[in-house]
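# Coordinates in review
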Amino acid sequence: MAQPVKAAPRLRPGPPDPADGLRGHSAALRAHALRLHAAAEALDWQGPQADAFRAEVAALADRCATAANGLAVAAAQLEDGH
């Protein structure tokens, strides 16, 4: 009678590299910023309220892009050992 094959133990991944994590969050924020800008530009709604809404969405997209830049800088500093 054949013996059952034991599965190899699963290895846990090592601790994540903090710089890689920051770069991942930075990329996600950049993608959000691009989508927000595109959504604001594609809005068909017209009038003063629409313009105010577009401005708010554009400001949010700019904040996302600024945060993404900050995370990218922090990742570079971690890699350089600063």
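Residues numbered from 1 in each chain as written. Predicted model: local features only at pLDDT ≥ 70, side-chain atom pairs only at ≥ 80, totals over all residues. Heavy atoms only, no water.

## Thoughts on the environment of Ala58
Topologically, Ala58 is positioned in helix α2 (residues 48-80). Ala58 gets classed as partly exposed once you look at its relative accessible area, which sits at 22%. Residues Ala58 and Leu34, spaced 24 residues apart in sequence, show a C-alpha to C-alpha distance of 9.8 Å. (Helix = DSSP H or I, 4+ residues; strand = E, 2+ residues; numbered from the N terminus. Buried < 20%, exposed > 50% of the residue type's maximum accessible area, 1.4 Å probe, protein only.)

## Some thoughts on α2
Under the 1.5 Å per step criterion, the end-to-end length of α2 is 48 Å for 33 residues, consistent within 8% with the ideal 48 Å. Regarding α2, the residues found buried are Ala50, Arg54, Val57, Ala61, Cys64, Ala68 and Ala75. Along its buried surface, α2 packs onto α1 (18-42). (Expected span 1.5 Å × (residues − 1). Contact = heavy atoms within 4.5 Å.)

## Some words on α1
Along its 25 residues, α1 runs 36 Å from first to last C-alpha, staying within 8% of the 36 Å computed at 1.5 Å per residue. Along α1, the residues that are buried comprise Ala19, Leu22, Ser26, Ala33 and Ala40. Looking at the buried side of α1, the elements it contacts are α2.

## Here we look at the pattern of salt bridges
Oppositely charged side chains are able to pair whenever their charged atoms sit close together. Counting across every chain of the model gives three salt bridges. The partner of Arg23 in a salt bridge is Asp20, with the nearest N and O atoms 2.2 Å apart. Placement of the pair is Arg23 and Asp20 together in helix α1, with a separation of three residues, close to one helical turn. Taking the relative accessible area as the measure of exposure, Arg23 reaches 32% and is therefore partly exposed. Where Glu79 meets Arg23, a salt bridge forms, and the shortest distance between an N and an O atom there is 3.0 Å. Remark: Arg23 occurs in helix α1 and Glu79 occurs in helix α2; sequence separation between them is 56 residues. Look at Glu79 and you get exposed, because its relative accessible area is 51%. Through salt bridges that share partners, Asp20, Arg23 and Glu79 make up one connected network. (Salt bridge = Lys/Arg side-chain N within 4 Å of Asp/Glu carboxyl O.)

## Section: the packing of aromatic side chains
Both the distance between ring centres and the angle between the ring planes are used here to describe each pair of aromatic rings. Counted under the stated rule, the structure contains one aromatic pair. With centroids separated by 6.0 Å and ring planes inclined at 50 degrees, the aromatic side chains of Trp45 and Phe53 adopt a geometry described as tilted. A relative accessible area of 43% places Phe53 in the partly exposed class. (Phe/Tyr/Trp six-rings, centres within 6.5 Å; stacked < 30°, edge-to-face > 60°.)

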